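# Secondary and tertiary structure notes
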Amino acid sequence: MTTKRYKRFTLKRLVQSLVLCNSTWASSPRKNHHVHRAATSSVANSTMKLNRVIAGGTARALAQALLYPVDALRTLAQTRDGRTLADVGVQALLRGCAQTSSFALFTGAIQFGVFGMVNPHYGPLVASACGAAGSCVVSVPQEVIKQRLVTGVYGSFREAASTIWKNEGLFGFYHSWKPTVSRNVPFVVATFTCRDILRSRLKIMKHQPNKKSRSLSSHKVGISTLENLGIGIASALLAAFFTQPIDVIKTRMMTQAASKALPYTSALDCARTVLTTEGWQKLYSGIGQRSVYMCGLWGITFVLEPVLSEYLDS
């Protein structure tokens, strides 16, 4: 009797063990599957963010290189002694184009990268300000070298970089960084915020019920190339108008070496001198060239960035 009970007990325990093992085996693939899906999703998100950074930087660099001559004309129009192409030569329109435009690759990458990370948490206003401030680490040296090349202070990129490093050190590349940051931050904030608002409004308009079907479209709403171009132009035009006086002061400060006039002691002194000796209109010198440059720059950038991102994602 005892032997039979022992056999039943042993058989019962064996069955329970098999059931337990089977349930564990059956559930473990599901857990592994969920873990695998989470890991795959995380990698995909990281890859997409990296693609946005690469696309933004590439788009900015290509746009800047294409419009470099227009920016050179804007710089000449804003100089203190009113320099023209007759003074610096036609070659000034492309002097340092390749080298300084390569800086834009990192400028755009920082702007789009920081904006993409901060925007979901703090909104476009804070995100664009952070992106603009961060990109100044690269954009200020670029502006210093580019504007001195255009105004004929230096004859080549190598000469400019070596001379500034030898005579002024690292801080020489950040000469007049205050007016540059004061211009870049509000400009990028206005441009990216307007872009975000216009894109959102456009998507909402596209989502509105069709008058015939009275139903919302089920497909994903996208922004066309022409619409991105229009958004970029409108955003940049608005931002350029409000930041033009700061841009003039920045250019004057960076290109003082090209003028024989008494140097400005600060950005505030520059603004005061321009107002008292030349009039407020001078603070809007070069507005036409800058508007063409900025509208083209951000229009092309906002067109290429989503196209390149989509290409990299695929």
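Residues numbered from 1 in each chain as written. Predicted model: local features only at pLDDT ≥ 70, side-chain atom pairs only at ≥ 80, totals over all residues. Heavy atoms only, no water.

### Thoughts on empty space enclosed by the protein
Space left empty within the atom packing is revealed by a probe, the size of a water molecule, rolled over the atoms. Across all of its chains, the model carries two cavities of 30 Å³ or more by this definition. Here the largest cavity defines a volume of roughly 180 Å³. Residue lining of the largest cavity: 18 residues in total, with Arg60, Glu143, Arg183, Asn184 and Met294 positioned closest to the centre. Those elements that provide at least two residues to the lining of the largest cavity are helix 1 (2–66), helix 2 (68–78), helix 4 (97–150), helix 6 (177–207) and helix 9 (287–313). Grouping the constituent residues of the lining of the largest cavity by class yields six nonpolar, five polar and seven charged. The volume enclosed by the second largest cavity comes to roughly 40 Å³. Lining of the second largest cavity is provided by Arg80, Arg252, Thr255, Gln256, Ser259 and Ala261. (1 Å grid on protein atoms, 1.4 Å probe; cavity = no way out; pocket = protein on both sides within 12 Å on 5 of 7 lines; lining within 4 Å. Points joined across faces, edges and corners; volume = space filled by probe spheres on them. Helix = DSSP H or I, 4+ residues; strand = E, 2+ residues; numbered from the N terminus. Nonpolar A, V, L, I, M, F, W, Y, C, P; charged D, E, K, R; others polar.)

### Quick notes on the nonpolar core
Of all hydrophobic cores here, the largest spans 18 residues; its most connected members are Phe187, Phe192, Met294, Leu297 and Trp298. Looking at this core, the elements that each hand over two or more residues are helix 4, helix 6, helix 7 (225–254) and helix 9. Leave out the neighbours within four places in its chain, and Met294 touches Phe187, Ala236, Ala240 and Gly299. Grouped together as the second largest cluster of nonpolar side chains are 10 residues, Cys136, Val140, Val144 and Phe173 included. (Core = buried A, V, L, I, M, F, W, Y, C linked by side-chain atoms within 4.5 Å. Buried < 20%, exposed > 50% of the residue type's maximum accessible area, 1.4 Å probe, protein only. Contact = heavy atoms within 4.5 Å.)

### Digging into the confidence of the model for the protein
Mean pLDDT over the protein stands at 84; residues scoring 70 or higher make up 82%. When the criterion is pLDDT under 50, residues 211–219 qualifies, and its contacts beyond four places in sequence or with other chains add up to seven contacts. (pLDDT = per-residue confidence, 0-100.)

### Description of the packing of aromatic side chains
The way to describe two aromatic rings as a pair is by their centre distance and the angle between their planes. By the definition in use, this model includes 10 aromatic pairs. With 5.6 Å between their ring centres and 40° between their planes, Phe241 and Tyr284 make a pair best called tilted. One end of the pair, Phe241, is in helix 7; the other, Tyr284, is in the loop between helix 8 (267–277) and helix 9, and 43 residues separate them in sequence. Here Phe241 falls in the partly exposed class, since its relative accessible area comes to 45%. Of the aromatic side chains, those joined through ring pairs into one cluster are Phe112, Phe115, Phe187, Phe192, Trp298 and Phe302. Directly above the aromatic system of Tyr264 lies the positively charged group of Arg80, at a separation of 4.0 Å from the ring centroid. The cationic tip of Arg195 hangs over the ring face of Phe302; the distance from NZ or CZ to the ring centre is 4.7 Å. (Phe/Tyr/Trp six-rings, centres within 6.5 Å; stacked < 30°, edge-to-face > 60°. Lys NZ or Arg CZ within 6 Å of the ring centre and 35° of its normal.)

### Notes on the layout of surface pockets
Put simply, the largest pocket is a space of about 1,100 Å³. Every residue lining the largest pocket is counted, 31 residues in all, and those nearest its centre are Arg52, Arg195, Arg199, Glu305 and Pro306. For the lining of the largest pocket, the per-class residue count stands at 11 nonpolar, 10 polar and 10 charged.

### Thoughts on the packing of helix 7 against helix 8
Running from N to C, helix 7 and helix 8 cross one another at 110°; their axes reach a closest spacing of 10 Å. With respect to helix 8, the axis of helix 7 lies roughly perpendicular. Of the two elements, helix 7 crosses helix 8, and the hand of that crossing is right-handed. For the pair formed by helix 7 and helix 8, the contact residues are Ile249, Arg252 and Met253 on the first element and Ala267, Cys270, Ala271 and Val274 on the second. Looking at the contact of helix 7 with helix 8 residue by residue, the class counts come to six nonpolar, no polar and one charged. (Axes fitted to C-alpha atoms, helices over the stretch in contact; angles between N-to-C directions. Parallel < 35°, antiparallel > 145°, perpendicular 65-115°, else oblique. Left-handed = near helix turned anticlockwise from the far one by under 90°.)

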